[in-house]
Amino acid sequence: MYKIFNQMIVAEIDKFIQTRNYPTFQPKAIFFDMDGVLFDSMKNHATAWVKAMKVVGLPFTENEAYMNEGRTGSSTIDGVFVEVHGRNATEEEKQKIYSIKSGLFEACGKTDRMPYALELLHKIQKQKLEIFVVTGSGQPSLIDSLDGNFPGVFHKDKMVTAFDVKHGKPNPEPYLMALKKSGFQPWEVVVIENAPLGVESATNAGLFTIAVNTGPLNPAILSDSGANLVLDGMRDLHDYWEKLF
Ligand code: MG
């Protein structure tokens, strides 16, 4: 299994270097998405989105929540408004719906750390690679609880959240901003994502992207979004990490 996996990785890395016309591939930083990667939070986000939209009479399914994951709340709400009303939502409408959604999300209770995330981060720290968070989330409870759940791992100046960007995923802006903050070249970064739009954002920024399929989506959706590798979940990523880099 490991041997086949090793060959696959080498082939994917070669393809990545050639397609992008990069001089090399030498990871010095790992950019982590937050929801569905570091926190097992997507189920609650999906439930909260569906309920919040229902409150204001908008149709929205859990599957749509997973497909829209990574967008800012504002962009998700606009998407539904355009479909239903043929126009974007007003600022007032957005604030109302997002505040309902945030309240419902908080009411779901404490969000668990994704199993194997902390152990993986410790491996990465030992390798002296830098760790960044790049999230479309504006959910203060989660951003604040990064420190509590992953003590000593994350730093405020190595974070890009919904508050920092104009466009959000799938636009490459969040990952380009993280790249700029890091000072690294695009061939010195690896992205860990779980959502199709997150993968799109990262690959559009020119970065090597590993998708971990931690939710209910068909893994083919993640490959089709451009992921360089698709793994079954965080456990696989943790177990294969040394084989990867
Ligand atoms: Mg995610």
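None of these values were measured; they are calculated from a predicted model.

Trainee: Sorry, what's going on with the overall build of the chain here?
Mentor: The number of helices and strands found in the chain is 11 helices and six strands. Radius of gyration (C-alpha) of the chain: 18 Å, near the 18 Å computed for a compact globule of 245 residues. Dimensions of the chain, computed from the C-alpha atoms along their principal axes, are close to 50 × 35 × 35 Å. Counting across all 245 residues of the chain, residues that qualify as buried make up 52%. For the chain, the share of sequence-separated contacts (at least 6 apart) that also reach a separation of at least 24 residues comes to 68%. For the chain, the accessible area works out to roughly 11,400 Å², and carbon and sulfur atoms hold 52% of it. Treating the 25 positive side-chain charges of the chain as one cloud and the 30 negative ones as another, the clouds have centres 3 Å apart.

Trainee: Before we go on, may I ask you to explain the domain arrangement of the chain in this structure?
Mentor: One frequent convention defines the size of an interface as the accessible area lost when the parts assemble. Looking at the chain, the domain boundaries give domain 1 (2–41 + 111–244) and domain 2 (42–107). One C-alpha centre belongs to domain 1, the other to domain 2, and the line joining them spans 25 Å. A combined buried area of about 1,500 Å² lies between domain 1 and domain 2, and 53% of that area is made up of carbon and sulfur atoms. Counting the contacts that link domain 1 with domain 2 gives zero salt bridges. Here domain 1 is connected to domain 2 by five residue pairs in polar contact (both at pLDDT 80 or more). Counting residues per element, the ones that place at least two in the side of domain 1 that touches domain 2 are helix H7 (140–149) and helix H9 (196–204).

Trainee: Whenever I open this one, the coordination of the magnesium ion confuses me. Can you help?
Mentor: Octahedral six-donor coordination of a metal ideally yields angles of 90 or 180 degrees, compared with 109.5 degrees for tetrahedral four-donor coordination. Asp 33 (OD), Asp 35 (O), Glu 69 (OE) and Asn 194 (OD1) make up the full set of protein donors to the magnesium ion, lying at 2.0 to 2.1 Å. Counting the intervening residues between successive donors of the magnesium ion yields the motif D-x1-D-x33-E-x124-N. Under the relative-accessibility criterion, Asp 33 is labelled buried at 3%. By relative accessible area, Asp 35 is classed as buried at 7%.

Trainee: How should the pairing of strand E2 (residues 130–134) be read in this particular structure?
Mentor: In regular strands, side chains alternate between the two faces of the sheet. The element E2 is largely enclosed, with a buried count of four among its five residues. Pairing geometry for strand E1 (residues 29–32) and E2, over four bridges, is parallel. When the bridges of E2 are listed, Ile 30 appears paired with Ile 131. In the sheet, E2 pairs with strand E3 (residues 159–160) via two bridges, with the strands oriented parallel. The partner of Val 133 across the bridge, within E3, is Met 159. Traced from E2 through H7 to E3, the parallel crossover comes out right-handed.

Trainee: Help me understand the pattern of salt bridges in this model?
Mentor: Close approach of charged atoms allows side chains of opposite charge to pair. The full count for this structure, using the stated rule, is 12 salt bridges. In this structure, Glu 188 engages Lys 28 in a salt bridge whose closest nitrogen and oxygen atoms are separated by 2.9 Å. One end of the pair, Glu 188, is in the loop between helix H8 (173–182) and strand E4 (189–193); the other, Lys 28, is in the loop between helix H1 (2–20) and E1, with 160 residues separating them in the sequence. On the accessibility criterion, Glu 188 (11% relative accessible area) is buried. Owing to a relative accessible area of 35%, Lys 28 belongs among the partly exposed residues under this scheme.

Reading the values: rules and limits
- Residues numbered from 1 in each chain as written.
- Predicted model: local features only at pLDDT ≥ 70, side-chain atom pairs only at ≥ 80, totals over all residues.
- Heavy atoms only, no water.
- Helix = DSSP H or I, 4+ residues; strand = E, 2+ residues; numbered from the N terminus.
- Rg over C-alpha atoms; globule rule 2.2 N^0.38 Å.
- Buried < 20%, exposed > 50% of the residue type's maximum accessible area, 1.4 Å probe, protein only.
- Contact = heavy atoms within 4.5 Å.
- Areas by Shrake-Rupley, 256 points an atom, 1.4 Å probe, with all protein chains shown as cover.
- Lys, Arg positive; Asp, Glu negative; His and termini not counted.
- Charge placed at Lys NZ, Arg CZ, Asp CG, Glu CD.
- Domains from an automatic or database assignment.
- Buried area = accessible area lost by both parts, 1.4 Å probe.
- Salt bridge = Lys/Arg side-chain N within 4 Å of Asp/Glu carboxyl O.
- Polar contact = N/O pair within 3.5 Å; in protein donor to acceptor, adjacent residues only side chain to side chain.
- Donors = N, O, S within 2.8 Å, 3.2 Å for Na, K, Ca; no water.
- Pairing = 2+ DSSP bridges.
- Right-handed = clockwise from strand over helix to strand, strands pointing away.

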